Amino acid sequence: MAVDLARRLAVARGDEPADVVVRGGRVLSVFTREWLEASVAIADGWIAGIGEYEGNETVDATGKHVVPGFMDAHMHLESSKLLPDEFARLVLPLGTTTVVADPHELANVLGSDGVHWLLDASAEIPLDVFFMASSCVPASVYESPRRSLTVGDLEGLLRRRRVIGLAEMMNFPGVVAGDEHELAKLALATHVDGHAPGVRGRELQAYAAAGIRSDHEASTADEGRERLRAGMWLLIREASAARNLHALLPLARDYGPHRIAFCTDDREPEHIDADGHINAIVRDAVAFGIPPEDALVMASHNVAQYHGLEHLGAVAPGRQADLLLLPDLERFVPDLVLKRGSLVEQIPPAPVPEWVKHTVRLGALGPEMFRIPWEGGPARVIGLVPGQIITESLVDEPAQGRGEAFADPERDLAKIAVIERHLGTGRIGLGFVRGFGLRRGALASTVSHDAHNAIVVGTDDTSMAFAVRRLANLGGGIVVVDGAQALAELPLPVAGILSDRPLADVIAGSHAIVAAAAELGCTIEAPFQLLAFLALSVIPSLKITDRGLVDVDRFELVPLRA
């Protein structure tokens, strides 16, 4: 290291030539938000200096904008359904060079062993993947993972080199109430991500007083402003299902980019392929009216500052040479990506051991499992909210006959069920949901946040039972069925949430299941991500797990009968 630093200093002084000089471009200073007419000298993958330099190799940046690589402040690798190497192949050409991941999806299925595997699987790829230790497995007492992560598990994870803090504290009621178990976890780290949907007033003050320094769940300008005033970082999320960018950008316009950063949280692979990753958020922010310099800072420097990654997020001496050459400040699609000063060429494949597969344990499920006995009267109904992962708690009277309640496609009322799939208990939660628009058939998935039990929504019990049996036969994944016919399937054999197939196959499969869902009448955007979030018991207002309906506002199980 001393030899590398001595050489870097010699290059900075001009005593030795750089390995690479990026010449002719306009370089963004994230510190002053101005453009510099200067060259960038790179030595051993690090930036040695900004100014006039000579090098062994020259990259012509004439007419280009030289900016730091994009960074994702909070995301879940598992939502891409891709192994780390395939994810890198998808996002590196779009300019994303660093992500900060919470691996709690895998942790719910495989425990801490799964997280250690993901750390190892992402160690050698050219994308920098930092991790936060998953703090809430399960997300609440109403969810059923394979097993819980203990304080000891978290201590072990926090000793790993690329684990930089404690991931989103989703049990916000427990934190606010001072639950001793949650406080014990908070004592493990000084860098802690937040998760506080709808939390305001004194409850938010208590949440921030616990030492939690960010939140990506704000969905209105008032919520975002309150978080900034409490000294928290506002991580603006633009996911596939939860899209908060336009609602929160007025805060960046009014107050500037200070303590605001961008994140994707959960973005589907077909969404990234078609629209982009962090570069798409920058593009949309600039189209909204945010100055390009501010948008670029929120996509790089601010992420590095929040997470204490001081060697990243800037084109400046002593920083890692993660650079993008942008042809314009409108599309934000790079002409060239340099990772540690080099072009990205070979990306080694991620090893997939057998023990991370074969995780779906479902017994014999017939249509009778989805029967809802009913003697009349109103029922609680989960109401989808377009573009959000929060739901409404509705009340309606289901169709009924022969002593049971049915789905009613004419009123957009479908059945929904969550079945425990880790230990084969057969435990099932049943309910109704409005908003999918299904006319027939069923959609089912082993991707259901956060415990990732099997979830199915459908118009008839036969379709629902067949869909769940197909999930078991596939070893996990997503299926679209009509009666006893599978219209489309996306196998996800790794923990039931990740594919072991190449990027192109996963994107094609993702498009196929969305198209098949549309054939059944479901035309909402990102239907399978919305379906997955209906099982997350820490996002308001009404959700469902294998233990039944959860009133998140009251944080308790409630009966189906209203």
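Above this text is the structure in question.
In this text the structure is predicted, and so the values were computed from the model without any measurement. (Residues numbered from 1 in each chain as written. Predicted model: local features only at pLDDT ≥ 70, side-chain atom pairs only at ≥ 80, totals over all residues. Heavy atoms only, no water.)

K.L.:
What's the story with the sheet that holds strand E15 (residues 260–263) in this structure? I'm lost.
P.N.:
Strand pairs in the sheet, formed through backbone hydrogen bonds, run parallel or antiparallel to each other. The strand order across the open sheet built from three strands is E13-E14-E15, with neighbouring strands paired in parallel fashion. Either end of the sheet is taken by a strand with one partner, and the two such strands are strand E13 (214–215) and E15. Docked against the sheet, helix H9 (residues 245–255) engages strand E14 (233–237) and E15, running at close to 145 degrees with respect to E14. (Pairing = 2+ DSSP bridges. Helix = DSSP H or I, 4+ residues; strand = E, 2+ residues; numbered from the N terminus. Contact = heavy atoms within 4.5 Å. Axes fitted to C-alpha atoms, helices over the stretch in contact; angles between N-to-C directions.)

K.L.:
Where do I start with the packing of helix H3 (residues 104–121) against helix H4 (residues 151–158) in this structure?
P.N.:
A pair of packed helices is characterised by two quantities: the angle between their axes and the separation of those axes. Look at H3 against H4: their axes get within 10 Å of each other, and the N-to-C directions meet at 10 degrees. On the basis of their axis angle, the class for H3 and H4 is roughly parallel. Here H3 contributes Ser112, Val115, His116 and Leu119 to the contact with H4, which in turn contributes Asp153, Gly156 and Leu157. (Parallel < 35°, antiparallel > 145°, perpendicular 65-115°, else oblique.)

K.L.:
Looking at this structure, I do not really get the sheet that holds strand E12 (residues 192–194). What am I missing?
P.N.:
Across the sheet, which stays open at both edges, the five strands sit in the order E8-E9-E10-E11-E12 with parallel pairing between neighbours. One side of each edge strand has no neighbouring strand; the edge strands of this open sheet are strand E8 (70–75) and E12. Within the sheet, the average angular offset between the axes of one strand and its neighbour, ignoring direction, is 30 degrees. When E8 meets strand E9 (residues 96–101), the two strands line up parallel, connected through four bridges. When the sheet's bridge partners are listed, Phe70 is paired in E9 with Thr96.

K.L.:
Is there a simple way to explain the nonpolar core in this structure?
P.N.:
In globular proteins that are soluble, nonpolar side chains generally tend to be buried together. Counting residues in each nonpolar core, the largest one holds 107 residues, and the members touching the most others are Phe87, Leu127, Val433, Phe436, Leu443 and Leu534. Those residues in contact with Phe436 that sit more than four places away from it in its chain are Leu384, Asp412, Leu443, Val457, Gly521, Cys522, Thr523, Ile524, Pro527, Leu531 and Leu534. If you look at the next biggest cluster of nonpolar residues, it comprises 34 residues, including Val30, Leu228, Leu245 and Val282. (Core = buried A, V, L, I, M, F, W, Y, C linked by side-chain atoms within 4.5 Å. Buried < 20%, exposed > 50% of the residue type's maximum accessible area, 1.4 Å probe, protein only.)

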